[in-house]
Amino acid sequence: MCGYSRKRAIGSTLKDLLQGPETDLRVAKDLVSSLVQGEDTEFEAVLTNYRQDGSKFRNHIRVGPIKNAVTGKTTHFVGVFREMSASGDDLSSACDEMFANV
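Everything numeric in this text was worked out from a predicted model, so none of it was measured.

**What to know about the environment of Glu83**
Residue position: Glu83 is located in strand E3 (residues 74-84). The exposure class of Glu83 is partly exposed, given its relative accessible area of 23%. Through-space distance from the C-alpha of Glu83 to that of Phe57 is 6.9 Å; in sequence the pair is 26 residues apart. At a separation of 2.5 Å, a polar atom in the side chain of Glu83 contacts the side chain of Arg51.

**Some details on the nonpolar core**
Val27, Ala28, Leu31, Phe43, Ala45, Leu47, Ile61 and Val63 together form the largest nonpolar core, which totals eight residues. Where this core is concerned, the elements lending two or more residues are helix H3 (25-37), strand E1 (43-50) and strand E2 (56-67). The residues touching Val27, leaving out its near neighbours within four places in the chain, are Phe43, Ala45 and Leu47.

**Comments concerning a nonpolar patch on the surface**
A contiguous nonpolar patch, built from Ile66, Val78 and Val80 and spanning about 220 Å² of accessible area, is present on the exposed surface. Topologically, Ile66 is positioned in strand E2. For Ile66, a relative accessible area of 38% puts it in the partly exposed group.

The rules behind each value
Residues numbered from 1 in each chain as written. Predicted model: local features only at pLDDT ≥ 70, side-chain atom pairs only at ≥ 80, totals over all residues. Heavy atoms only, no water. Helix = DSSP H or I, 4+ residues; strand = E, 2+ residues; numbered from the N terminus. Buried < 20%, exposed > 50% of the residue type's maximum accessible area, 1.4 Å probe, protein only. Polar contact = N/O pair within 3.5 Å; in protein donor to acceptor, adjacent residues only side chain to side chain. Core = buried A, V, L, I, M, F, W, Y, C linked by side-chain atoms within 4.5 Å. Contact = heavy atoms within 4.5 Å. Patch = residues over 30% accessible without salt bridge, like charges linked within 9 Å, V, L, I, M, F, W, Y side chains within 5 Å. Areas by Shrake-Rupley, 256 points an atom, 1.4 Å probe, with all protein chains shown as cover. Salt bridge = Lys/Arg side-chain N within 4 Å of Asp/Glu carboxyl O.

Laid out in structure tokens, this is it:
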């Protein structure tokens, strides 16, 4: 989706890789704050992000906790990014439907 090599991405933050002139920094900061503030926090937003080649895209982001089955404590977070069209349609949903019928 973003065009970065594994070598380039390792050690970089999403801020370093994806943010640009039209990224809503308030929403990006809200994402970070929500993760820092609570273990049970789930966050969802749509941001304008940028690929390695500088082209922009709308990115539907959803981040949530993964909990240890025994202790119930949050051990990790998982994030899912889905590209959206300019009209706001989730582009991956068409692919999901297509593969569901295979």
